[in-house]
Protein chains: 2
Amino acid sequence: MKYRSHCPINFAQETFGDKWSLLVMRDLIFKDKKYYNEFLASDEKISTNILADRLSKLEMNGLIIKSTDKENQAKKRYSLTNKGLDLLPMLLEMIAWSAKYDSQTEAPDTFIQSLKSNRQALIEKLTADLGDITA
Amino acid sequence: MKYRSHCPINFAQETFGDKWSLLVMRDLIFKDKKYYNEFLASDEKISTNILADRLSKLEMNGLIIKSTDKENQAKKRYSLTNKGLDLLPMLLEMIAWSAKYDSQTEAPDTFIQSLKSNRQALIEKLTADLGDITA
């Protein structure tokens with residue numbers, strides 16, 4: 001892949017992609033979603049063609065892995081890679097910023113409090129909860 | 001403005017906008033740029049119509065302020081608001097992620113080292129260097 005520049009702010013965005021991609025990463029990291037239909041059902045009403053495109057780009061860029069579901073061979077299951085999970089600290093800062101500036105934020109108070117008072121512990125807890133990171 | 005959801009990950013991205021918007025924020029926060037032509041000259045070759053649109057959206061969403069340049073009344077000067085500057089911690093995490101995963105990253109080693117070893121001090125230093133935040 002040819003990048004417009006290797007400025008780190010540019011690289012990150014060219015790699016994880018746009019708004020829709022980060023909503024999929026949110027669903028994987030914070031909402032325990034794993035299947036296409038679960039991503040499709042999110043509040044922001046992503047369209048099916050955008051979702052398919054973003055999943056394929058996230059996979060191509062090594063942020064997620066697609067595998068066959070153990071319980072249903074016809075179903076595809078999406079999991080985070082370490083590279084994908086490593087977006088967590090950035091997503092936490094994004095959450096903190098929105099909690100500060102959106103009066104109608106859905107970010108839970110308790111979450112924001114633990115982010116402010118003990119960021120590193122929160123990162124470790126979330127990472128441990130996620131369990132079986134793939135690669 | 002009507003948001004697709006008040007999920008904090010969604011709110012942030014609907015507010016600061018897309019890739020191009022964050023490159024403008026990067027130029028303001030890290031590269032001491034203040035003028036239209038300076039943003040236009042960045043490596044990623046933003047087009048003039050996209051730049052004009054993103055500047056106007058960033059201003060509308062309260063991340064930047066446009067004023068008349070003191071030395072040249074015909075020139076517009078862009079400055080950060082506190083709301084815009086508060087994206088700094090998120091941008092730093094984005095930089096750290098890219099430095100880890102982009103073998104050709106432009107992020108300086110010394111910068112990444114000080115981000116890893118003393119994040120809070122780096123945030124305070126960068127904020128102090130920026131000086132006259134507008135609102």
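Note that this is a predicted model, so its numbers are computed, not measured.

K.L.:
Break down the overall build of chain A for me, citing the residues and quoting the values.
P.N.:
Along its length, chain A carries 8 helices and 2 strands. Relative to the 2.2 N^0.38 estimate, which gives 14 Å for 135 residues, the radius of gyration of chain A is 15 Å and therefore close to what a compact globule would have. Projected onto its principal axes, the C-alpha positions of chain A cover 45 × 40 × 30 Å. Counting all 135 residues of chain A, 32% fall into the buried class. Sequence separation of at least 24 residues holds for 47% of the intrachain contacts in chain A that already meet a minimum separation of 6.

K.L.:
I'd like to hear about the relation of the copies chain B and chain A, residue by residue, with values.
P.N.:
By a simple turn and slide, chain B fits onto chain A: the slide is 0.0 Å along the axis, the RMSD is 0.0 Å, and the turn is 180°. Both chain copies can therefore be described as sitting about a two-fold axis. Scanning chain B for the C-alpha nearest the rotation axis identifies Met90(B), at a separation of 2.6 Å. Same-surface contact between copies: 100% of interface residues of chain B are shared with the interface of chain A.

K.L.:
A description of the interface of chain B and chain A should follow, citing residues and the corresponding values.
P.N.:
Taken together, the contacts link 36 residues of chain B with 37 residues of chain A. Elements with a minimum of two residues in the side of chain B that touches chain A: helix H1 (8-16), helix H2 (19-30) and helix H6 (88-101) of chain B. A total of 11 residues in the side of chain B that touches chain A trace back to one element, the largest contributor, which is H6(B). Split by residue class, the side of chain B that touches chain A holds 17 nonpolar, 7 polar and 12 charged.

K.L.:
Provide a residue-level description of the confidence of the model for chain A, including the pertinent values.
P.N.:
All names here are of chain A. Per-residue confidence for chain A averages 93 on the pLDDT scale, and 97% of its residues sit at or above 70. Summarising per-element confidence for chain A, the mean pLDDT is lowest in helix H1 (residues 8-16) (90) and highest in helix H3 (residues 36-40) (97). Under the prediction, the complex receives an ipTM of 0.92, its pTM being 0.93.

K.L.:
So what's going on with the environment of Lys2(B)? Residues and values would help.
P.N.:
All names here are of chain B. Mapped onto the secondary structure, Lys2 falls in the segment before H1. In this structure Lys2 comes out as exposed when scored by C-beta crowding, with 4 C-beta atoms within 10 Å. Along the backbone, Lys2 and Ala12 are 10 residues apart, and their C-alpha atoms lie at a distance of 13 Å.

K.L.:
Account for the nonpolar core, naming residues and giving values.
P.N.:
Among the nonpolar cores identified, the biggest contains 58 residues, and Leu91(A) and Leu91(B) are the most heavily contacted of them. Looking at this core, the elements with two or more residues in it are H1, helix H2 (19-30), strand S2 (76-80) and helix H6 (88-101) of chain A together with H1, H2, strand S2 (76-80) and H6 of chain B. In contact with Leu91(A), other than residues within four places in its own chain, are Arg26(A), Ile29(A) and Ile9(B).

K.L.:
Give a description of the environment of Ala99(B) that names residues and reports values.
P.N.:
Locating Ala99(B) in the fold gives a position in helix H6. Accessibility expressed as a C-beta count within 10 Å gives 20 for Ala99(B), which makes it buried. Sequence separation of Ala99(B) and Asp109(B) is 10 residues, and the distance between their C-alpha atoms is 8.6 Å. Once residues within four sequence positions are removed from consideration, Ala99(B) is found in contact with Pro8(A), Thr105(B), Ala107(B) and Ile112(B).

K.L.:
Any details on the packing of H6(A) against H6(B)? Residues and values, ideally.
P.N.:
In helix packing, the relevant descriptors are the interaxial angle and the interaxial distance, both defined with respect to the helix axes. Look at H6(A) against H6(B): their axes get within 8 Å of each other, and the N-to-C directions meet at 170°. Compared by their axis directions, H6(A) and H6(B) come out roughly antiparallel. In this structure, H6(A) contributes Pro89(A), Met90(A), Glu93(A), Met94(A) and Trp97(A) to the contact, and H6(B) contributes Pro89(B), Met90(B), Glu93(B), Met94(B) and Trp97(B). Across the contact of H6(A) with H6(B), the residue classes tally to 8 nonpolar, no polar and 2 charged.

Thresholds applied
Residues numbered from 1 in each chain as written. Chains lettered and ligands numbered in written order. Predicted model: local features only at pLDDT ≥ 70, side-chain atom pairs only at ≥ 80, totals over all residues. Helix = DSSP H or I, 4+ residues; strand = E, 2+ residues; numbered from the N terminus. Rg over C-alpha atoms; globule rule 2.2 N^0.38 Å. Buried ≥ 20, exposed ≤ 12 C-beta atoms within 10 Å, placed from the backbone. Contact = placed C-beta atoms within 7 Å. Least-squares fit on C-alpha atoms with pLDDT ≥ 70 in both. Nonpolar A, V, L, I, M, F, W, Y, C, P; charged D, E, K, R; others polar. pLDDT = per-residue confidence, 0-100. Core = buried A, V, L, I, M, F, W, Y, C linked by C-beta atoms within 7 Å. Axes fitted to C-alpha atoms, helices over the stretch in contact; angles between N-to-C directions. Parallel < 35°, antiparallel > 145°, perpendicular 65-115°, else oblique.

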